[in-house]
Amino acid sequence: MEKRRSHRFDKAFPVSIRTDKFGECSAVARNISAGGIMVEVAQPLPLGTEVRVFFSMPESPARIIARGEVKNHYFLNFADPAGRTRALTGMGVRFTGFESENDLMGGLGISRLRTVLH
C-alpha cells in the first residue's frame with residue numbers, strides 16, 4: 001500500500017546540496033515530489049542534517065532553493081540492462097520550505113511540476 005503523502009515523479013537532473021557544516025556538493029536528483037527529493041550522492045550526509053537544495057526545472061531558467069532535512073539513506077544494488085551489477089548511494093531529503101514564494105510550490109505549483117517532469 002502506498003503511504004506517501006505526495007505523488008513522486010522519477011526524473012534525473014543535477015542539483016547542488018549545501019550545508020553550513022559540510023559545505024557544498026553536486027548530486028543527481030533521482031525523483032522529486034512536493035514533499036521531498038531523493039538524490040544520488042557518494043557520501044550521504046548524516047540523518048537530521050539541515051540542507052539547502054539548489055536546482056532548476058527543465059525548460060525554466062528559474063533557480064529553486066529548497067530547505068530540507070536528511071531523513072533517509074539509500075544503498076541500492078541492481079543490474080543494468082546488460083546484466084552488470086551496479087550500485088547507487090543516496091539520501092532522501094524532506095522539504096521543510098522554500099527560499100521564496102516564487103519557488104517550487106509557491107510559483108510553479110504541483111500541477112506545473114507534474115507537467116514539467118513528465
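Residues numbered from 1 in each chain as written. Predicted model: local features only at pLDDT ≥ 70, side-chain atom pairs only at ≥ 80, totals over all residues. Heavy atoms only, no water.

## Focus: the overall build of the chain
Move 1: Scanning the chain from terminus to terminus reveals one helix and six strands.
Move 2: When the elements of the chain are put in sequence order from the N terminus, they spell out β-β-β-β-β-β-α.
Move 3: Taken over 118 residues, the chain has a buried fraction of 38%.
Move 4: Taking as baseline every contact in the chain between residues at least 6 positions apart, the subset at least 24 positions apart corresponds to 54%.
Move 5: In the form shown here, the chain has an accessible surface area of approximately 7400 Å², with 48% of it arising from carbon and sulfur atoms. (Helix = DSSP H or I, 4+ residues; strand = E, 2+ residues; numbered from the N terminus. Buried < 20%, exposed > 50% of the residue type's maximum accessible area, 1.4 Å probe, protein only. Contact = heavy atoms within 4.5 Å. Areas by Shrake-Rupley, 256 points an atom, 1.4 Å probe, with all protein chains shown as cover.)

## Re the packing of aromatic side chains
Move 1: The tally for this structure, following the rule as stated, stands at two aromatic pairs.
Move 2: Geometrically, the ring pair formed by Phe13 and Phe55 is tilted, given 5.7 Å between the ring centres and 45° between the ring planes. One end of the pair, Phe13, is in strand E1 (residues 8–19); the other, Phe55, is in strand E4 (residues 50–56), and 42 residues separate them in sequence.
Move 3: Over the face of the ring belonging to Phe54 we find Arg18, whose NZ or CZ atom lies 4.1 Å from the ring centre. (Phe/Tyr/Trp six-rings, centres within 6.5 Å; stacked < 30°, edge-to-face > 60°. Lys NZ or Arg CZ within 6 Å of the ring centre and 35° of its normal.)

## Things to note about the confidence of the model for the chain
Move 1: In this model, the chain carries a mean pLDDT of 82, and residues with pLDDT of at least 70 account for 74%.
Move 2: Element-level mean pLDDT values for the chain span from 47 in helix H1 (residues 104–117) up to 95 in strand E3 (residues 36–40).
Move 3: Between residues 104–111, whose pLDDT stays under 50, and residues either more than four places distant or in other chains, the model counts 21 contacts.
Move 4: Residue range residues 114–118 is modelled with pLDDT below 50. Its contacts to residues more than four positions away, or to other chains, number eleven contacts. (pLDDT = per-residue confidence, 0-100.)

## Topic: the pairing of strand E6 (residues 85–98)
Move 1: As paired elements, E3 and E6 share five bridges and run antiparallel to each other. Each bridged residue has a counterpart across the sheet, and for Ile37 the counterpart in E6 is Val93.
Move 2: As defined by bridge partners, strand E5 (residues 63–79) adjoins E6 across 13 bridges and the pair is classed as antiparallel. Bridging across to E6, Ala66 finds its partner in Phe98.
Move 3: Hairpin connection from E5 to E6: five residues lie between these consecutive antiparallel strands, with Gly83 at a positive phi of about 90°. (Pairing = 2+ DSSP bridges.)

## Details of the environment of Leu45
Move 1: For Leu45, the position within the fold is in the loop between E3 and E4.
Move 2: Since its relative accessible area comes to 11%, Leu45 is described here as buried.
Move 3: Sequence-wise, Leu45 and Glu69 are 24 residues apart; in three dimensions their C-alpha atoms are separated by 9.9 Å.
Move 4: When sequence neighbours within four positions are dropped, the list of residues in contact with Leu45 reads Ile17, Thr19, Phe22, Val51, Val70, His73 and Met91.

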